[in-house]
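Listed below, chain by chain, are the residues.
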Amino acid sequence: EAEEAQWWYAGQRAIATALLEPALRDREPRRARLLDAGCGTGFNLLALAGLGRATGIDLAPEALAFCRERGVRAVRASLLSLPFPDATFDAVTSFDVLYHAWVTDDRAAVGEMARVLAPGGALLVRVPALRVLWGAHDVEVQSRHRYARSELVALLEGCGLRVERATYCNSILFPLLLARRSLDRALGREGSDVGFLPAPLEWAFRSALLAEAALVRRGFSFPLGASVVALARKTR
């Protein structure tokens, strides 16, 4: 439910689309081969279907059960051992997966995603940003790390990829998020942040991320934010 409609998911999808669509302009419309590495319950696969033929992988059987309900193509696999030949996909996405405790080697995971990319293919990676935002949510969702933009860029370049765009996002709301996480730590709060807000706040927060998506599409990069997203290209 949250993945379909909650403000954070909807807004982050818009930002990802703003980066990925231009990267696939040279592909025949709707013919691009896409992989969502760590597809969760599969709603992003429905969104990616507008750009091409999308396949997902995930380790969690519960996630794959939801994918089957949604009628999207997904298989059980680890990001560290993708069950596809070299150069299979025109684009690979990884939305908030590399940070997870199950991904014990993020460099090896990026290497695997690069391996299955065709030459000239695009890799779009999003991860949670900045250690200062570490809180109960990170513990609840089994986070291993929050990244600085420079870390993510270095990780991608270290695997032979050329980074074309790298920006923080969820930036307009950053002061509110920082205050919330600081308060959570002070009060010893536990549990995840995922959930629906009252309708006016859902609208306002979603609008903030949609505004960010419009700016990102125009080439603007944010200097600070709760997430960091990068678009990289396989050059050979």
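Residues numbered from 1 in each chain as written. Predicted model: local features only at pLDDT ≥ 70, side-chain atom pairs only at ≥ 80, totals over all residues. Heavy atoms only, no water.

1. Overview of empty space enclosed by the protein
Part 1 of the reasoning: In this structure the tally under the stated criterion is 1 cavity of 30 Å³ or more.
Part 2 of the reasoning: Among the elements that line the lining of the largest cavity, the one with the most residues is helix H2 (residues 7-23), at 5 residues.
Part 3 of the reasoning: Partitioned by chemical class, the residues of the lining of the largest cavity number 4 nonpolar, 2 polar and 2 charged. (1 Å grid on protein atoms, 1.4 Å probe; cavity = no way out; pocket = protein on both sides within 12 Å on 5 of 7 lines; lining within 4 Å. Points joined across faces, edges and corners; volume = space filled by probe spheres on them. Helix = DSSP H or I, 4+ residues; strand = E, 2+ residues; numbered from the N terminus. Nonpolar A, V, L, I, M, F, W, Y, C, P; charged D, E, K, R; others polar.)

2. Thoughts on the confidence of the model for the chain
Part 1 of the reasoning: Put simply, the chain has an average pLDDT of 94, and 100% of its residues get 70 or more.
Part 2 of the reasoning: Averaged over each element, pLDDT in the chain is lowest for helix H6 (residues 136-140) (89) and highest for strand E7 (residues 227-234) (98). (pLDDT = per-residue confidence, 0-100.)

3. Let's talk about the environment of Arg126
Part 1 of the reasoning: With respect to the secondary-structure elements, Arg126 resides in strand E5 (residues 117-128).
Part 2 of the reasoning: On the basis of relative accessible area, Arg126 is assigned to the buried category, the value being 7%.
Part 3 of the reasoning: Along the backbone, Arg126 and His137 are 11 residues apart, and their C-alpha atoms lie at a distance of 17 Å.
Part 4 of the reasoning: Leaving out residues up to four positions away in the same chain, Arg126 has contacts with Trp8, Gln12, Ser94, Phe95, Asp96, Val97, Ser227, Val228 and Val229.
Part 5 of the reasoning: Among the polar contacts listed, one links the side chain of Arg126 to the side chain of Asp96, at a separation of 2.6 Å. (Buried < 20%, exposed > 50% of the residue type's maximum accessible area, 1.4 Å probe, protein only. Contact = heavy atoms within 4.5 Å. Polar contact = N/O pair within 3.5 Å; in protein donor to acceptor, adjacent residues only side chain to side chain.)

4. Thoughts on unusual backbone geometry
Part 1 of the reasoning: Residues other than glycine seldom take positive phi values, yet Ala87 does so here, at roughly 60°.
Part 2 of the reasoning: Within the secondary structure, Ala87 sits in the loop between strand E3 (74-76) and strand E4 (89-95).
Part 3 of the reasoning: Non-glycine residue Asp96 carries a positive phi angle of around 55°.
Part 4 of the reasoning: Mapped onto the secondary structure, Asp96 falls in the loop between E4 and helix H5 (106-115).
Part 5 of the reasoning: Overall, the relative accessible area of 19% leaves Asp96 in the buried class.

5. Quick look at the pairing of E5
Looking along a regular strand, one sees side chains alternate from face to face of the sheet.
Part 1 of the reasoning: Summarising burial for E5: 10 of the 12 residues are buried, a large majority.
Part 2 of the reasoning: Read from E4 through H5 to E5, the crossover connection turns out right-handed.
Part 3 of the reasoning: Inspection of the sheet shows E5 paired to E7 by 7 bridges, in the antiparallel sense. Directly across from Leu123, in E7, lies its bridge partner Ala232. (Right-handed = clockwise from strand over helix to strand, strands pointing away. Pairing = 2+ DSSP bridges.)

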